[in-house]
Amino acid sequence: MLEICRKKKLSNNVARMLKVAPSEFDFHPVTYNLPDQLEEFMDVFRTKKKKTYILKPDAGCQASGPRPLI
């Protein structure tokens, strides 16, 4: 059950399914798991004109919820 309840694990599983069945999982926004994908995120962050992102802390960061990065 934790595989779908935790944000990080859910995004990893959806990314895997996107590779297997792209047309079925195209509803999910592009997700970066930091710090694991920090370099990939920074590449996109530096080159994209639209720079609005939502930071969602993992379960260990209780009491500090989602916040926008603009």
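Just so you know, these numbers come straight off a predicted model, no measurement behind them. (Residues numbered from 1 in each chain as written. Predicted model: local features only at pLDDT ≥ 70, side-chain atom pairs only at ≥ 80, totals over all residues. Heavy atoms only, no water.)

1. Side note on the overall build of the protein chain
- The helix and strand inventory of the protein chain stands at 3 helices and 2 strands.
- Element order for the protein chain, N to C, with α for helix and β for strand: α-α-α-β-β.
- Considering the protein chain as a whole, with its 70 residues, one finds that 11% of them fall into the buried category.
- When contacts within the protein chain are restricted to residue pairs at least 6 apart in sequence, those whose partners lie at least 24 apart make up 12%. (Helix = DSSP H or I, 4+ residues; strand = E, 2+ residues; numbered from the N terminus. Buried < 20%, exposed > 50% of the residue type's maximum accessible area, 1.4 Å probe, protein only. Contact = heavy atoms within 4.5 Å.)

2. Some points on the pattern of salt bridges
- By the definition in use, this model includes 2 salt bridges.
- Of the charged contacts in the structure, one is a salt bridge between Lys8 and Asp36, with a shortest N-O distance of 3.0 Å. One end of the pair, Lys8, is in helix α2 (residues 7–20); the other, Asp36, is in the loop between α2 and α3 (38–47), with 28 residues separating them in the sequence.
- On the accessibility criterion, Asp36 (58% relative accessible area) is exposed.
- Between Asp43 and Arg46 there is a salt bridge whose closest N-O contact spans 3.8 Å. Placement of both Asp43 and Arg46 in helix α3 is noted, with a separation of 3 residues, approximately one turn of the helix. (Salt bridge = Lys/Arg side-chain N within 4 Å of Asp/Glu carboxyl O.)

3. Some thoughts on the side chain of Asn33
- Position of Asn33 relative to the elements: it lies in the loop between α2 and α3.
- Overall, the relative accessible area of 11% leaves Asn33 in the buried class.
- A distance of 3.1 Å separates a polar atom in the side chain of Asn33 from a polar atom in the side chain of Ser11.
- Sequence-distant contacts of Asn33, that is, excluding residues within four places in its chain, are made with Lys8, Ser11 and Asn12. (Polar contact = N/O pair within 3.5 Å; in protein donor to acceptor, adjacent residues only side chain to side chain.)

4. Some points on the confidence of the model for the protein chain
- Of all residues in the protein chain, 81% have pLDDT values of 70 or greater, and the mean over the chain is 81.
- The element-level mean pLDDT for the protein chain is lowest in strand β2 (residues 67–69), coming to 64, with α3 highest at 91. (pLDDT = per-residue confidence, 0-100.)

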